[in-house]
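Residue-level structural notes
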Amino acid sequence: MSTATPIDDRDRADLDAAPGPIVTVVTVPQYLWRRLRQGELGQLPVVLGLAAVWVYFQLANDNFLSSGNLTNLMMQIAAMGTISVGVVLVLLLGEIDLSVAYVSGLAAATMAVLNVKSEWPAVPSILAGLAVGVGIGLLQGLWVTKLKVPSFVVTLAGFLAWQGALFRVLGSTGTVNLNDDTIVGLMGTFFSDTVGWLLAAAVIVIVAGLTWLRRRRALAAGLVAPPLAGDIVRVVVVAVGSIWAVAVFN
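Focus: the overall build of the protein
Broken down by element type, the protein carries ten helices and two strands. Along the protein, helices and strands appear, N-terminal first, in the series α-β-α-α-α-α-α-α-α-α-β-α. Expressed as a percentage of the 250 residues in the protein, the buried residues total 18%. Partitioning the contacts of the protein with sequence separation of at least 6, the portion at a separation of at least 24 is 67%. Accessible surface for the protein amounts to roughly 17,800 Å². Of this, 70% is attributable to carbon and sulfur atoms.

Looking at a nonpolar patch on the surface
A cluster of nonpolar side chains, namely Val-46, Leu-50, Val-53, Trp-54, Tyr-56, Phe-57 and Trp-244, defines an oily patch on the protein surface of about 720 Å² accessible area. The element best represented in the nonpolar patch is helix 3 (residues 44-60), accounting for six residues. Mapped onto the elements, Val-46 comes out in helix 3.

Comments concerning the packing of aromatic side chains
Scanning the entire structure with this criterion turns up four aromatic pairs. When the ring of Tyr-56 is compared with that of Phe-57, the centres are 5.3 Å apart and the planes differ by 80°; the resulting orientation is edge-to-face. Exposure remark for Tyr-56: the relative accessible area of 55% places this residue in the exposed category. Both rings, one in Phe-57 and one in Phe-64, keep their centres 5.4 Å apart while their planes meet at 25°; by these two values the pair is stacked.

Topic: the environment of Asp-97
Topologically, Asp-97 is positioned in the loop between helix 4 (67-92) and helix 5 (100-116). The sequence separation of Asp-97 and Val-87 amounts to ten residues, and the corresponding C-alpha distance is 7.0 Å. Contact partners of Asp-97, with chain neighbours within four places excluded, come to Val-90, Gln-140 and Thr-155. A polar side-chain atom of Asp-97 sits 2.8 Å from a polar atom in the side chain of Ser-99. In terms of polar contacts, Asp-97 uses its side chain to reach the backbone amide nitrogen of Val-100, at 3.5 Å.

Thoughts on the pattern of salt bridges
Per the counting criterion, the structure on display carries three salt bridges. When the shortest N-O distance is used, the salt bridge between Arg-214 and Asp-231 registers 3.2 Å. Of this pair, Arg-214 sits in helix 9 (residues 193-220) while Asp-231 sits in helix 10 (residues 228-249); the two residues are 17 residues apart in sequence, bridging distant segments of the chain. Overall, the relative accessible area of 4% leaves Asp-231 in the buried class. Across the salt bridge formed by Asp-231 and Arg-215, the nearest N and O atoms sit 3.4 Å from each other. With Asp-231 in helix 10 and Arg-215 in helix 9, this pair connects stretches of sequence that are 16 residues apart. Comparing Asp-231 with Arg-215 shows no difference in burial state: the two are buried. Put simply, Arg-214, Arg-215, Asp-231 and Arg-234 are held in one network by salt bridges that share partners.

Rules behind the numbers
- Residues numbered from 1 in each chain as written.
- Predicted model: local features only at pLDDT ≥ 70, side-chain atom pairs only at ≥ 80, totals over all residues.
- Heavy atoms only, no water.
- Helix = DSSP H or I, 4+ residues; strand = E, 2+ residues; numbered from the N terminus.
- Buried < 20%, exposed > 50% of the residue type's maximum accessible area, 1.4 Å probe, protein only.
- Contact = heavy atoms within 4.5 Å.
- Areas by Shrake-Rupley, 256 points an atom, 1.4 Å probe, with all protein chains shown as cover.
- Patch = residues over 30% accessible without salt bridge, like charges linked within 9 Å, V, L, I, M, F, W, Y side chains within 5 Å.
- Salt bridge = Lys/Arg side-chain N within 4 Å of Asp/Glu carboxyl O.
- Phe/Tyr/Trp six-rings, centres within 6.5 Å; stacked < 30°, edge-to-face > 60°.
- Polar contact = N/O pair within 3.5 Å; in protein donor to acceptor, adjacent residues only side chain to side chain.

These values are about where atoms sit, not about what they do.
In structure tokens:
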């Protein structure tokens with residue numbers, strides 16, 4: 001049996017006078033130390049690793065950080081970087097995709113074969129390649145979500161199946177030479193300097209806006225707000241990096 005303790009006038013006055021959400025603002029060293037103790041290093045290990053790689057290769061070859069070499073590197077990693085974005089989303093869900101390499105290869109081979117051997121125009125060929133990737137992703141995704149088969153098993157089977165399909169689509173030659181200006185231009189088109197600066201400005205504005213929005217929501221919810229100096233440094237680093245990158249590539 002429970003009893004309720006009555007609230008007297010003094011307690012009621014204290015409740016009425018109670019403040020709203022308590023906002024806690026910490027300094028930059030305190031914020032960094034707390035994240036270090038909790039293992040919340042974010043992108044710092046990746047940035048430090050990249051910096052170490054850049055320093056090593058620049059010392060080994062003075063042309064590594066040149067505009068021409070960096071441009072070639074960006075062109076070569078663009079496709080793999082795009083695929084990596086999709087893989088990251090799968091990993092964030094606690095799943096895995098072992099078939100992504102051959103799925104992307106099959107989609108690209110479908111586009112190339114339709115364009116070169118079947119003489120399809122560029123746009124329908126590209127759409128057909130995208131449809132292959134979407135269809136395979138839908139099939140494997142439904143197998144995991146509806147039939148409850150582990151993604152490791154489904155994508156391992158897909159790894160073998162789509163590899164065979166890729167070889168079947170390419171045929172005995174194993175390669176297809178693309179000559180269509182529209183398809184080749186997807187990788188070989190260089191934009192004007194103005195477009196580069198507009199992209200840099202857009203990145204800076206988006207990062208600054210998201211940083212301000214996150215800080216505002218944290219303060220409104222009474223959470224520990226990141227130090228203002230840290231947010232400013234983050235935006236400045238992104239701004240300097242974007243401006244430097246566009247200047248080098250231009």
